[in-house]
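What follows is the residue order along each chain.
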Amino acid sequence: TLPSTTNRTQPNILVTGTPGTGKTTTCEMIADATSLQHIDVSRLVKEKGLHEGYNEEFDTFILDDEKLCDELEDVMEEGGKIVDFHSCEVFPERWFDLVIVLRADNGVLYGRLEQRNYAPKKITENIECEIMQVVLEEARDSYAEEIVVELPSNTADEMESNVQRVVQWIELFKENHRE
Ligand code: ADP
Ligand code: MN
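Residues numbered from 1 in each chain as written. Chains lettered and ligands numbered in written order. Predicted model: local features only at pLDDT ≥ 70, side-chain atom pairs only at ≥ 80, totals over all residues. Heavy atoms only, no water.

**Points about a negative patch on the surface**
Inclusion rule: Note that patches include only residues with greater than 30% relative accessible area and no salt bridge, and the join distances are 9 Å for like charges and 5 Å for nonpolar side chains (Val, Leu, Ile, Met, Phe, Trp, Tyr). Every accessible area reported is derived by Shrake-Rupley at a probe size of 1.4 Å, with residue values counting cover from the shown protein chains alone. The salt bridge criterion pairs a side-chain nitrogen of Lys or Arg with a carboxyl oxygen of Asp or Glu, the two atoms within 4 Å. Charge counting follows a simple rule: Lys and Arg are positive, Asp and Glu are negative, and His as well as the terminal groups are ignored. A charged residue contributes its charge at one atom only: NZ of Lys, CZ of Arg, CG of Asp or CD of Glu. Numbering of helices and strands starts at the N terminus; helices are DSSP runs of H or I of at least 4 residues and strands are runs of E of at least 2. Relative accessibility decides the category of a residue: with a 1.4 Å probe and only protein chains considered, values under 20% of the type maximum give buried, values over 50% give exposed, and everything between is partly exposed.
A cluster of acidic side chains, namely Glu52, Asp65, Glu66, Asp70, Glu89, Glu137 and Asp141, defines a negative patch on the protein surface. Within the residue set of the negative patch, elements represented by two or more residues are α3 (65-78) and α6 (134-142). The greatest single-element share of the negative patch, amounting to three residues, is contributed by α3. By relative accessible area, which is 53% here, Glu52 ends up exposed.

Below is the structure:
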């Protein structure tokens, strides 16, 4: 049975993956091509203070799961959201109709994180996370197998093809969920 069977007329999609795999760029392109609204969760967490402070050791905000989910509940209920976040286990399963996990090769990811001026330790941690498929396994543990899709995001061509694929999926969902 699909937990995604909802009364939403527009789907909610989660785009997840290790930092640097292309989530934000991909989501912006999908939002530009469809009626879906992009939610960059990292930005939201910073802007609305949905955290319990900063973890110096891991160079990251400590997420306040409850505050974050409360903030998004009504918005997700509306449908038509494309949510962009490097983690996926904090969200309720019922929110999403499709979960995309973007992947990138080590060398490619290294270059992108270096460009972002991440500290060497943070680059290493993220590369290890990608090698160990941490986010993919988290997605498979948190959502129904049939809604989790892993997509390579190494090149502009791959990104373009990922965007096309998701845009087509959205159109099909909308055709199948008319009021
Ligand atoms: P994320 O949101 O997952 O951290 P971004 O979308 O910010 O990743 O992408 C990080 C950088 O990598 C950006 O400069 C982006 O243009 C580039 N990038 C991401 N995915 C690709 C891709 N498939 N091909 C080429 N460049 C990419
Ligand atoms: Mn991003």
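**Description of a nonpolar patch on the surface**
A cluster of nonpolar side chains, Ile131, Met132 and Val134, forms an exposed patch at the surface whose accessible area comes to about 290 Å². Relative to the helices and strands, Ile131 resides in helix α5 (residues 120-131).

**Some points on the packing of helix α2 (residues 41-48) against α3**
Packed helices, taken two at a time, are described by the angle between their axes plus the distance between the axes. Short version of the rule: To get an axis, fit a line to the C-alpha atoms, keeping to the stretch in contact for a helix; angles then go from 0 to 180 degrees between the N-to-C directions. Roughly parallel covers angles under 35 degrees, roughly antiparallel covers those over 145, roughly perpendicular covers 65 to 115, and oblique covers all other angles. Working rule for contacts: check all heavy atoms of both residues, and any pair within 4.5 Å makes them a contact. Throughout this entry, Asp, Glu, Lys and Arg are counted as charged residues, while Ala, Val, Leu, Ile, Met, Phe, Trp, Tyr, Cys and Pro are counted as nonpolar. The remaining residues, Gly among them, count as polar.
α3 packs onto α2 with a crossing angle of 110° between their chain directions and a minimal axis gap of 11 Å. If you check the angle between α2 and α3, you find them roughly perpendicular. Along the contact surface, α2 presents Val41, Leu44, Val45 and Lys48, while α3 presents Leu68, Glu71 and Leu72. For the contact of α2 with α3, the per-class residue count stands at five nonpolar, no polar and two charged.

**Regarding the site of ligand 1**
Inclusion rule: Throughout, near means a residue has at least one heavy atom within 4 Å of the molecule or strand. Here a polar contact means two N or O atoms within 3.5 Å. Within protein one must be a hydrogen donor candidate and the other an acceptor candidate, and residues neighboring in sequence count only if both atoms are side-chain atoms.
Close to ligand 1 lie 14 residues, the nearest being Gly20, Lys23, Thr25, Arg116 and Thr155. Arg112 is positioned such that a nitrogen or oxygen atom in its side chain is 3.4 Å from a nitrogen atom of ligand 1. Contact between ligand 1 and Arg116: an oxygen atom at 2.7 Å from a side-chain N or O atom of the residue. Across the complex, the protein chains shield 72% of the 550 Å² of accessible surface that ligand 1 would expose by itself. Residue assignment for the shell around ligand 1 shows that the elements contributing at least two residues are α1 (23-33) and α7 (156-176). Counting residues per element, the shell around ligand 1 draws most heavily on α1, at three residues.

**Overview of the packing of aromatic side chains**
Keep this limit in mind: The aromatic pairing rule takes the rings of Phe, Tyr and Trp, using the six-membered ring of Trp, and pairs them if the centres are within 6.5 Å, calling planes under 30 degrees apart stacked, those over 60 edge-to-face and the rest tilted.
Following the criterion strictly, the structure yields seven aromatic pairs and no others. A ring pair is formed by Phe85 and Phe91, whose centres lie 6.0 Å apart and whose planes are at 65°; its orientation type is edge-to-face. Taking the centre distance of 5.5 Å and the plane angle of 35° together, the rings of Trp169 and Phe173 count as tilted. Taken together, the residues Trp169 and Phe173, both in helix α7 and four residues apart, mark about one turn of the helix.

**Some remarks on the packing of helix α4 (residues 106-115) against α5**
The criterion, for reference: Crossing handedness: left-handed means the near helix sits turned counterclockwise from the far one by under a right angle, and right-handed means the same turn made clockwise.
Where α4 contacts α5, the two axes come as close as 10 Å, and the packing angle between them is 150°. In terms of their interaxial angle, α4 and α5 are classed as roughly antiparallel. Viewed along their axes, α4 and α5 form a crossing whose handedness is right-handed. Contacts between α4 and α5 involve Asn106, Leu109, Tyr110, Leu113 and Glu114 on the former and, on the latter, Ile123, Asn126, Ile127, Glu130 and Ile131. Of the residues belonging to the contact of α4 with α5, the class tally is six nonpolar, two polar and two charged.

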